[in-house]
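Below are the chains, spelled out letter by letter.
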Amino acid sequence: MKKKGPRVGSGGQRRRGLEGKGPTPKAEDRVYHPAHQRKKERERREAARAAREKARELPAKIRPAEDAEIIAGRNAAVEAVRAGIPLTQVFLAGAAANDDRVSEILRTATALDAPVHEVSRSQLDRITDGAVHQGIAIESPPYEYASLEELIERDSHPGLLIALDSVTDPHNLGAVLRSGCAFGAAGVIIPQRRSASINEAVWKVSAGAAARLPVARVTNLARTLTELKERGYFIVGTDGAGEVSLPDLELFDMPLVIVTGSEGRGLSRLVAERCDQLVSIPITGVESLNAAVATGVVLYDIARRRKEQS
């Protein structure tokens, strides 16, 4: 039975506008609410705890260290090894040793005197917490972040850095690292809070680029961008409503920091205010691009135009 009330006029419009919308979702279920990020972080910690519990069920000699990074998959593992990542253990299952990439990893492990453990696929599933491992995984110490100064010293003329503003998806971070390597960036800057960190998923998606392109974590991204401006960099933010279209960007040959925000929310107000220009990418058929794709498009265009100019 419907409740009585006005069905016409301003009162009726308000009543109809409220019908069928249901209860307001909990704060933690609203994607862009801080409570949702806290929920995701809580779930991540719980998943990590569960993975450690599973690992304790393994024999002691093949149990990964508590704080170690596990890099799973043949491409990700061999790229990490080629980049010189510290290698402490190798876990090998089945016929994976017949692969050239695996052979290279095993030769490196022998040279470094790192133990190689032959394990079952079910054991490797536990070690990698169910990741797609292709029969191999390597263990390395926790990732060491670079300092901002190290990124600047590593940069070459005319200069290119990437900054990510509240990008919390590790797959996006991994893809950005891969694009950064491909198009000549000197490093990536992420904030300590509300950001994905370097983990197994990032290693996997980056296909080893995480070992070649340094990442710096900073306390305050907006303040860091101000410091970079003082040191001669121009800050270019990606924004669907940016006043400059990417093909018209005239700063491409200057020292640049390309800043990308999270999908949906975009750049935060303080970060956007630090940008010298906000650039938009001409697109059709979709409303927006995710953080990794947008960053890759901008990096490619800058690298292409710099090469044409040289």
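In this text the structure is predicted, and so the values were computed from the model without any measurement.

Structural notes on helix α12 (residues 291-309)
Consideration 1: The terminal C-alpha atoms of α12, which comprises 19 residues, lie 27 Å apart, in line with the 27 Å expected from a rise of 1.5 Å per residue.
Consideration 2: Inspection of α12 places A291, A292, A294, T295, G296, V298, L299, D301, I302, R305 and R306 among the buried residues, and these make up the whole buried set.

Side note on the nonpolar core
Consideration 1: Core analysis: the biggest nonpolar cluster contains 49 residues, and I138, L173, L177 and V188 have the highest contact counts within it.
Consideration 2: Every residue in contact with L173, bar those within four places of it in the chain, is listed here: L164, V188, I190, A196, S197, I198 and V202.
Consideration 3: Core analysis: the second largest hydrophobic core is formed by 21 residues, A146, L151, Y233 and I235 among them.

Some words on the layout of surface pockets
Consideration 1: In this structure, the second largest pocket occupies an estimated 440 Å³ of space.
Consideration 2: In this structure, the second largest pocket is lined by 23 residues; those nearest its centre are T238, D239, G240, S288 and L289.
Consideration 3: Secondary structure elements with two or more residues in the lining of the second largest pocket: β10 (256-261), β11 (277-280) and α12.
Consideration 4: Here the lining of the second largest pocket is composed, by residue class, of 8 nonpolar, 11 polar and 4 charged.

A look at the environment of V119
Consideration 1: Structurally, V119 can be placed in the loop between β3 (116-118) and α5 (121-127).
Consideration 2: Residue V119 is classed as buried on the basis of its relative accessible area of 8%.
Consideration 3: Each C-alpha atom, one on V119 and one on V90, is 9.9 Å from the other, the two residues being 29 residues apart in sequence.

Scoring rules and cut-offs
- Residues numbered from 1 in each chain as written.
- Predicted model: local features only at pLDDT ≥ 70, side-chain atom pairs only at ≥ 80, totals over all residues.
- Heavy atoms only, no water.
- Helix = DSSP H or I, 4+ residues; strand = E, 2+ residues; numbered from the N terminus.
- Expected span 1.5 Å × (residues − 1).
- Buried < 20%, exposed > 50% of the residue type's maximum accessible area, 1.4 Å probe, protein only.
- Core = buried A, V, L, I, M, F, W, Y, C linked by side-chain atoms within 4.5 Å.
- Contact = heavy atoms within 4.5 Å.
- 1 Å grid on protein atoms, 1.4 Å probe; cavity = no way out; pocket = protein on both sides within 12 Å on 5 of 7 lines; lining within 4 Å.
- Points joined across faces, edges and corners; volume = space filled by probe spheres on them.
- Nonpolar A, V, L, I, M, F, W, Y, C, P; charged D, E, K, R; others polar.

Geometric values such as these leave the question of function open.
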